[in-house]
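Chain by chain, the residues:
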Amino acid sequence: MVINLRVWRQEGPDSSGRLVDYTVNQASEHMSFLELLDVLNEQLLQSGDDPVEFDSDCREGICGSCGLMVAGIAHGPQKRTAVCQLHMRSFKDGDTITVEPFRARAFPIIRDLVVDRSAFDRIIAAHGYVSVTTGSAPDANAIPISKDLADDAMDYAACIGCGACVAACPNGSASLFTAAKISHLGLLPQGRVEASQRVMAMVDQMDVEGFGDCSNYAECEAVCPKGISIEGIARMRRSYMKGVLSE
Amino acid sequence: MAHSARQSQVHSPRLDSKVPSGLLQQKWDIYKNQVSLVSPANKRSHHILVVGSGLAGASAAATLAGLGYQVTCFCIQDSPRRAHSIAAQGGINAAKNYPNDGDTVWRLFYDTIKGGDYRSREANVYRLAEVSNNIIDQAVAQGVPFAREYGGVLSNRSFGGAQVSRTFYARGQTGQQLLLGAYQALSHQIAGGRVKMLPRREMVDLVVANDRACGLIARNLLTGELERYAGDAVLLCTGGYGNAYYLSTNAKNSNVTAAWRCHKRGAFFANPCYTQIHPTCIPVSGDYQSKLTLMSESLRNDGRVWVPNDPHDERAPEMIPEDARDYYLERRYPSFGNLVPRDVASRASKKECDEGRGVGETRLAVYLDFAHSIERLGEHTIRERYGNLFEMYQRITGDNPYQTPMRIYPAVHYTMGGLWVDYELQSTVPGLFVLGEANFSDHGANRLGASALMQGLADGYFVIPYTLGAYLAGHNQSDQVSETHDSFAAVEKEASDRIDRILHNDGDKSPTVFHRELGRLLWDHVGMSRHREGLESSLQAIETLEDEFWERICVPGSADRYNKNLEFAGRVADFLELGSLMARDALRREESCGGHFREEYQTPEGEAARDDEAYADVAAWEYQGRDPILHLEQLTFESVHPSKRSYK
């Protein structure tokens, strides 16, 4: 199949960018979207042009490295799928597809489609953990946890930290990302001990990083490759309010 | 060359394994009782460089910082949370015996050493089994949401090579959850200022001065700057070299460069020919393919592997009646059936396909069928166990595995070989420690499923905190040099020259072209089965390819910015050198064991024929250009008797 691409090219964080048109004549429906970009890059290399830079690593939808706006949608048109697992069979021969980076105030562009998502790491470092040092753990079966609770926690723990939620949000909010970690840990007895400090610290850090507020658009849930529910955001807000009131 | 190796089979004095004396079950306790400790005040004055943030690196960095050491941790991704450990699906083994099905530390040890075809060191493997239970405790305390039973206790499942259920899991995302646990522990230490985390850094060389590792050169992947870091010890936690084959289940950035650079600075490379070809991966579909996707081994708990009896049977799989199917694993290995270890399962699939019974368009696939399990347990249960894997399969292939069998084929997945380390995880360069998949130590010639996560975390959480102390307490700190020392300048200059050479070469071929070609050579000749002729010819071909690389490599752009092609070119150059060593090592080992199958050495039934008399050893190679020097560590078995490995 033939695919036309309009790709965002930007030299560096401070330069201005623009959309550039390319055509890949040798596309196949079995290709992943990133493999299509690989083919484009080989083409560019052969003609002596700079390849399009983008982040990717595992290419099986779990590491969270990749993230592109494909046809205006974070990770592209296929639901619950990271862009590395989006396959060309989702497109038609002759389609023109626009490819842009994840855009948000808190995700500065590094080059082309590569953005800086280190703000997420700082949100986790704010208190996205259980403060247990190595060696001090009791027997793993010492605290029984109901299957339902463990399953709920796992639903939130499945977050891959890709940033699609931020890119899709009109406010550029990181609420779904932050709420996922707060819910994962807060649902489990191990994490409940520090639940209150956790929510205060992480929400505050989210603001420091320049992410916007949540206004319940739910665009984040719609694009999340792991289908994480915005119920987590409600939980996060409740515990944040509780924390504020008890201060 | 193989002949001279055979004649010179003596234990090399350079390979002192430092295994403590005493009963196998007591060695680790004896070690811990006698090891020197570093006082809390002194810990603060020691700076440790941890390269890599996967299970081994993140757990080591978090634990050492928690003990009071100053730690700097490097990773090539934009965040430590993305290390490739994250992609492990199926589970992690531990000898908890919660199901009361007869498991013990001894059994986990025994299964692992037998699974490795008696090519690993007893004492290391026993220690691994011993600390396995602590790992589960630690992970649960961190909030890792392992699967649970309705009563609230942890759930277990079985994996290949074992007859007990000892595998803990978090859906099909166990690696992700364990890595996030370690990443969060690391983040806790970063927040406390005890770990300095440097993402988007690639270690490009090791700095050795006064005969010890004293630092490294890293390239800042955003600015291209070469940076110097001095430390009292370097911990290499950079994973395996499966990407040498180009197509593998490894992530795109997984590479051998850091380990290979250390090898060139004096760290011996052990058993490079031991690579694991995983039996259940989604088959290759085209030339553009950039990587392969694994389908967890756990699927073999409920999936049955088969091919049609008749190679010309063109019916859709669900239309083929039972009596026209060959469940060849169940037929050939009645006691383990579909749960034979990976090497055995992979070779069996290859044999079926080689003999023409493969299925699908390329004929390089076999069926993995869930119909019976769905009938027995209901679709709901199967969805609960493997839902995310089924979804992933459907996304990639367009087929629905609830309705039609999966098509699978083996793919490169893991490397058992790696830098040689002693019992303390120290390489042949003093002060350079190697953890996790990057070392060679625990899996012998074949790794059992759910043992990689166990080893990475064992090394990082529970082994290195003790053994690093022994090194630091025994060394004179005045040997330590700073970043301004000449040795840093010299190594940095070499790194920068190498980059210039790649960038300013007036070539016409991209790194991917060379990488694909190397991958093809390795897969064809140093893959699932090997023979002398093929190995000799591939050795030649790889060296020629390497020469061509330096003549024709073409990388656009400059060194002072984000430049993925430049990164990849450097890695391909190192894979080319490693590729020769893999072939050389496979050529020297004139026996079949685990993942290393030499066609000349097989039993009449086509099983691997091991030669304990000549090859019960570790082949550790010392770098010397294209003429590496072989050193041998003889493996001695005091507690188990190497038996013929049978799963029949």
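Residues numbered from 1 in each chain as written. Chains lettered and ligands numbered in written order. Predicted model: local features only at pLDDT ≥ 70, side-chain atom pairs only at ≥ 80, totals over all residues. Heavy atoms only, no water.

*Asks:* Mind showing me how you'd approach the overall build of chain B here?
*Replies:* Each helix and strand in chain B was counted, giving 18 helices and 19 strands. Its C-alpha atoms give chain B a radius of gyration of 24 Å, within 12% of the compact-globule value 26 Å for 648 residues. Considering chain B as a whole, with its 648 residues, one finds that 67% of them fall into the buried category. Within chain B, counting contacts between residues at least 6 apart in sequence, those at least 24 apart form 74% of the total. Taken together, the 70 basic and 81 acidic charged side chains of chain B have centroids lying 3 Å from each other. (Helix = DSSP H or I, 4+ residues; strand = E, 2+ residues; numbered from the N terminus. Rg over C-alpha atoms; globule rule 2.2 N^0.38 Å. Buried < 20%, exposed > 50% of the residue type's maximum accessible area, 1.4 Å probe, protein only. Contact = heavy atoms within 4.5 Å. Lys, Arg positive; Asp, Glu negative; His and termini not counted. Charge placed at Lys NZ, Arg CZ, Asp CG, Glu CD.)

*Asks:* Would you take a moment to explain the interface of chain A and chain B for this structure?
*Replies:* In many analyses, interface size is given as the accessible surface area lost on bringing the parts together. Taken together, the 75 residues of chain A in the interface contact 76 residues of chain B. In total, about 6100 Å² of surface goes out of reach between chain A and chain B, with carbon and sulfur atoms giving 50% of it. Between chain A and chain B we count eight salt bridges in total. Where R117 of chain A meets D78 of chain B, a salt bridge forms, and the shortest distance between an N and an O atom there is 3.2 Å. (Buried area = accessible area lost by both parts, 1.4 Å probe. Salt bridge = Lys/Arg side-chain N within 4 Å of Asp/Glu carboxyl O.)

*Asks:* Got a minute to help me understand the domain arrangement of chain B in this structure?
*Replies:* All names here are of chain B. We note that the domain assignment places domain 1 (17-277 + 415-477), domain 2 (278-413) and domain 3 (486-634) within chain B. Each of domain 1 and domain 2 was reduced to a C-alpha centroid, and the two centroids are 32 Å apart. With 26 residues of domain 1 at the contact, the number on the domain 2 side is 32 residues. Taken as a group, Q89, T249 and I277 account for 27% of the area that domain 1 buries against domain 2, more than any other trio of residues on that side. Counting across the interface, domain 1 meets domain 2 through 15 residue pairs in polar contact (both at pLDDT 80 or more). Taken together, the residues of the side of domain 1 that touches domain 2 sort by class into eight nonpolar, 15 polar and three charged. (Domains from an automatic or database assignment. Polar contact = N/O pair within 3.5 Å; in protein donor to acceptor, adjacent residues only side chain to side chain. Nonpolar A, V, L, I, M, F, W, Y, C, P; charged D, E, K, R; others polar.)

*Asks:* How should helix α4 (residues 55-67) of chain B be read in this particular structure?
*Replies:* Because each turn of an α-helix spans 3.6 residues, side chains separated by three or four positions end up pointing in the same direction. All names here are of chain B. Over its 13 residues, α4 runs 18 Å from end to end, which matches the ideal 18 Å to within 8%, given 1.5 Å per residue. Judged by how many residues are buried, α4 sits mostly within the fold: eleven of 13 residues are covered. When α4 is considered as a whole, its buried residues turn out to be L55, A56, G57, A58, S59, A60, A61, A62, T63, L64 and A65. Residues of α4 that are buried make contact with β1 (47-51), β2 (70-74), α7 (174-191), β5 (195-198), β9 (233-236) and α13 (452-473). (Expected span 1.5 Å × (residues − 1).)

*Asks:* What's the story with the pairing of β9 of chain B in this structure? I'm lost.
*Replies:* The two faces of a sheet get side chains in turn, since along a regular strand they alternate between them. Residues and elements named next belong to chain B. The side-chain alternation of β9 yields two buried faces, one formed by A233 and L235 and the other by V234 and L236. Across four bridges, β1 lies against β9 in parallel orientation. Paired with V50 across the bridge in β9 is L235. (Pairing = 2+ DSSP bridges.)

*Asks:* Would you explain empty space enclosed by the protein in this entry?
*Replies:* In this approach, a probe sized like a water molecule rolls over the atoms, and the result shows the empty space that is left. Residue and element names in this part refer to chain B. Overall, the coordinates contain 13 cavities of 30 Å³ or more when judged by the stated rule. For the second largest cavity, the calculated volume is near 200 Å³. In terms of lining, the second largest cavity is formed by 14 residues, of which the most central are V204, I499, L566, E567 and G570. Put simply, the parts of the chain that give the lining of the second largest cavity at least two residues each are β6 (201-209), α8 (257-264), α14 (486-503) and α17 (564-588). In terms of residue count, the dominant contributor to the lining of the second largest cavity is α17 (five residues). Grouping the amino acids of the lining of the second largest cavity by side-chain chemistry returns five nonpolar, two polar and seven charged. When residues of the lining of the second largest cavity are assigned to domains, at least three fall in each of domain 1 (17-277 + 415-477) and domain 3 (486-634). (1 Å grid on protein atoms, 1.4 Å probe; cavity = no way out; pocket = protein on both sides within 12 Å on 5 of 7 lines; lining within 4 Å. Points joined across faces, edges and corners; volume = space filled by probe spheres on them.)

*Asks:* I would appreciate a short explanation of the nonpolar core in the present structure.
*Replies:* In summary, soluble globular proteins display a tendency toward joint burial of nonpolar side chains. If you look at the biggest cluster of nonpolar residues, it comprises 269 residues, and the most contacted ones within it are L5 and F33 of chain A together with L235 of chain B. Filtering out sequence-adjacent residues up to four positions away, L235 of chain B remains in contact with I48, L49, V50, V51, A60, L64, F433, L435, I464 and L468 of chain B. Membership of the second largest hydrophobic core comes to seven residues, among which are A324, Y327, V359 and A365 of chain B. (Core = buried A, V, L, I, M, F, W, Y, C linked by side-chain atoms within 4.5 Å.)

*Asks:* Where do I start with a negative patch on the surface in this structure?
*Replies:* Residue and element names in this part refer to chain A. There is a patch of like negative charges on the surface, built from D148, D152, E221 and E231. Among the structural elements, E221 can be located in helix α8 (residues 219-223). Judged by relative accessible area, E221 falls into the partly exposed class, the value being 33%. (Patch = residues over 30% accessible without salt bridge, like charges linked within 9 Å, V, L, I, M, F, W, Y side chains within 5 Å. Areas by Shrake-Rupley, 256 points an atom, 1.4 Å probe, with all protein chains shown as cover.)

*Asks:* It is not clear to me how the environment of Y183 of chain B should be interpreted in this structure. Could you clarify?
*Replies:* Tracing the backbone shows Y183 of chain B in helix α7. The exposure class assigned to Y183 of chain B is buried, which follows from its relative accessible area of 2%. Along the backbone, Y183 of chain B and D287 of chain B are 104 residues apart, and their C-alpha atoms lie at a distance of 36 Å. Not counting chain neighbours up to four residues away, the residues in contact with Y183 of chain B comprise F120, D121 and I124 of chain A together with A58, S79, P80 and R81 of chain B. Looking at Y183 of chain B, its side chain comes within polar contact range of the side chain of D121 of chain A, at 2.5 Å.

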